[in-house]
Amino acid sequence: LRASTTRNIGIEELLAARTSVNEGPPRVLLIDEKSSSSSAIRKKLSATADVDLADDPQVGLFQAAENPYDCVVISTGFAEFDPLRLCSQLRSLDRTRFLPIILIAEMGEDERIVRALELGVNDYIVRPVDEQELVARLRTQVKRKRYNDHLRASVTQTIEMAVTDGLTGLHNRRYLDSHLQTLFDRAMSRRRPLSVMITDLDRFKAINDTFGHDGGDAVLREFARRLRKNVRGIDLACRFGGEEFVVVMPDTDGAIAEKVAERVRSEIERAVFEVGAAEGVPVTVSVGVATLNRAGDSVEKLMKRADAALYDAKNGGRNRVVA
Ligand code: GH3
Ligand code: MG
Ligand code: MG
Ligand code: MG
């Protein structure tokens, strides 16, 4: 139990969690099945917070995941539902993982309170509820939550910048280096196919020479847009460096990867690239494709095969796919 609430939060969870930061009065969701107690608590909070009410715990859980609340206040004593289960559900959903929870408990419920704190409840207050105490505890939770949201948003932004190519918005080589091994290992252990393509724009130096570096950059951006459009969301598309791009395609065998590469190649050949006033700048691309081998393969070997295929495409006359 304890291990599940104190383990470190991974980067994926950080990125999945909500990072918007609220302003203005605290937005509170009060979950209470009894209208007598909920209206009393709501009244105590009304001068401080905007309070929504859920009189059904499952509806409350859904509501908390769908709206940017600053805090959830749970009254105990649900007839058919254990409030502690609701607490652990709130802690396990990406979108409510960091949402403060204040529990309102009955006098003498010490054991339950300890369990609630172990499950990740942030604070509690015992009935009869003192208005000033409730407001003070709420304010503390909301202040801490908003501060954490600010930190999380800036950490998330920093991570995203560190793994994004500034020119094209694709992932950069650093991100590829950190994820390709994971995708490779996953494909191996699940016995699923995996393919990689490396693309390199043809005679790109000539484009730079004719249209200047800014012209070359415009071509790179447009190429990246078309590349991304032609692959799936789960494919990992990266700017490998200069005018070279890599796409890692999970669950994709060699025949399909070759088709995807050919689709990219032919679209680039037909596309009308505009650079400044010049329209119809001819751009072509060469592509090397490689697919994971079951026996004795490695990320290095796979990338080497894709690179060798690209080399063959260049030597074969460019504007072609070699698989
Ligand atoms: P090919 O690949 O067909 O053999 O010929 P190429 O002319 O494309 O050859 P090469 O790979 O040697 O040249 C790539 C050029 O890309 C060289 C470099 O000046 C240019 N380049 C690299 N990064 C950028 C960039 O960020 N922006 C621009 N505009 N040009 C870049
Ligand atoms: Mg190159
Ligand atoms: Mg080259
Ligand atoms: Mg090139």
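First, a word on what this report is: a plain description of the structure on this page.

About the criteria used
Residue positions are counted from 1 within each chain, in the order its sequence is given. As they are written, the chains are lettered A onward and the ligands numbered 1 onward, keeping that order. Predicted model: local features are reported for residues with pLDDT of at least 70 only, side-chain atom pairs are reported and counted for 80 or more only, and whole-chain, interface and lining totals are derived from all residues. Helix numbering and strand numbering both begin at the N terminus, where a helix is a DSSP run of H or I of at least 4 residues and a strand a DSSP run of E of at least 2. Here the globule rule reads 2.2 Å times residues to the power 0.38, and the radius of gyration is calculated from C-alpha atoms. Any residue surrounded by 20 or more other C-beta atoms within 10 Å of its C-beta is treated as buried, while 12 or fewer makes it exposed and the intermediate range makes it partly exposed; C-beta atoms here are placed from the backbone. Here the contact rule is simple: place C-beta atoms from the backbone, and any two residues whose C-beta atoms are within 7 Å are in contact. The C-beta atom of each residue is placed using the backbone, and any residue whose C-beta lies within 6 Å of a molecule or strand is treated as near it. Put simply, Ala, Val, Leu, Ile, Met, Phe, Trp, Tyr, Cys and Pro go in the nonpolar bin, Asp, Glu, Lys and Arg in the charged bin, and everything else, Gly too, in the polar bin. A strand pair is defined by DSSP finding two or more bridges across the two strands. Helix axes are fitted to C-alpha atoms over the stretch in contact, other axes to C-alpha atoms as well, and angles between N-to-C directions run from 0 to 180 degrees. A set of buried residues qualifies as a nonpolar core if it consists of Ala, Val, Leu, Ile, Met, Phe, Trp, Tyr and Cys joined through C-beta atoms within 7 Å. Oblique is the label for any angle not under 35 degrees, not over 145, and not in the 65 to 115 range, which are roughly parallel, roughly antiparallel and roughly perpendicular in turn. Left-handed describes a crossing whose near helix is turned anticlockwise from the far helix through less than a right angle; right-handed describes the clockwise counterpart.

Further remarks concern the overall build of the protein chain. The secondary structure content of the protein chain amounts to eleven helices and twelve strands. The C-alpha radius of gyration of the protein chain comes to 27 Å, more than 25% above the 20 Å expected for a compact globule of 323 residues. Each principal axis of the C-alpha atoms in the protein chain carries an extent, and together these give about 85 × 50 × 25 Å. Counting every position in the protein chain, which comprises 323 residues, the buried fraction comes to 31%. Contacts in the protein chain between residues at least 24 apart in sequence constitute 67% of all its contacts with a sequence separation of at least 6.

This brings us to unusual backbone geometry. Apart from glycine, the bulk of residues carry a negative phi angle, and the bulk of peptide bonds sit in the trans form. Residue proline 128 is reached from arginine 127 by a cis peptide bond, and omega for that bond is 0 degrees. With respect to the secondary-structure elements, proline 128 resides in the loop between β5 (123-126) and α7 (131-162). Even without being glycine, arginine 318 reaches a positive phi, approximately 70 degrees. Despite not being glycine, asparagine 319 has its phi angle at roughly 50 degrees, a positive value. On the basis of neighbour count, asparagine 319 is assigned to the partly exposed category, with 19 C-beta atoms found within 10 Å.

This part is about the site of ligand 1. Close to ligand 1 lie 16 residues, the nearest being Asp202, Phe204, Lys205, Gly216 and Gly242. For the shell around ligand 1, the secondary-structure elements that each account for two or more residues are β6 (194-201) and α9 (204-229). Top element by residues in the shell around ligand 1 is α9. It accounts for seven residues. In the shell around ligand 1, the residues fall into four nonpolar, four polar and eight charged.

Turning our attention to the sheet that holds strand β1 (residues 27-31). Ordered in space as β2-β1-β3-β4-β5, the five strands form an open sheet in which the pairing is parallel. In this open sheet, the two strands that pair with only one neighbour each are β2 (50-54) and β5. Shown here is a sheet whose adjacent strand axes are inclined to one another by a mean of 20 degrees, direction ignored. Examined bridge by bridge, strand β3 (residues 71-75) and strand β4 (residues 101-105) share four bridges and lie parallel to one another. Looking at the pairing, isoleucine 74 lines up with leucine 103 of β4. Running at roughly 165 degrees to β3, helix α5 (residues 83-92) makes contact with β1, β3 and β4 of the sheet.

With that settled, the discussion passes to the nonpolar core. Residues Val196, Met197, Val287, Val289 and Ala306 are the most contacted members of the largest nonpolar core, which totals 43 residues. Here this core takes six residues from helix α11 (residues 299-315), the largest share from any one element. With sequence-adjacent residues up to four places away left out, methionine 197 is seen in contact with Val247, Ala257, Ala261, Val287, Gly288, Val289 and Ala306. Counting residues in each nonpolar core, the second largest holds 30 residues, with Val28, Leu45, Leu61 and Leu90 among its members.

Interhelical geometry of helix α4 (residues 57-66) versus α5 gives an angle of 20 degrees and a closest axis separation of 11 Å. Comparing their axes, α5 and α4 come out roughly parallel. At the point where α4 passes α5, the crossing takes the right-handed sense. In contact with Pro57, Leu61 and Ala64 of α4, α5 contributes Leu86, Gln89 and Leu90. Residue composition of the contact of α4 with α5, by class: five nonpolar, one polar and no charged.

Counting buried residues in strand β8 (residues 244-250) gives five out of seven residues, a clear majority hidden from the surface. In terms of strand pairing, β6 meets β8 through seven bridges, oriented antiparallel. Along β8, the bridge assignment pairs valine 196 with valine 248. Sheet topology note: the strand β7 (residues 236-241)/β8 ladder contains five bridges and is antiparallel. When the bridges of β8 are listed, arginine 239 appears paired with phenylalanine 245.

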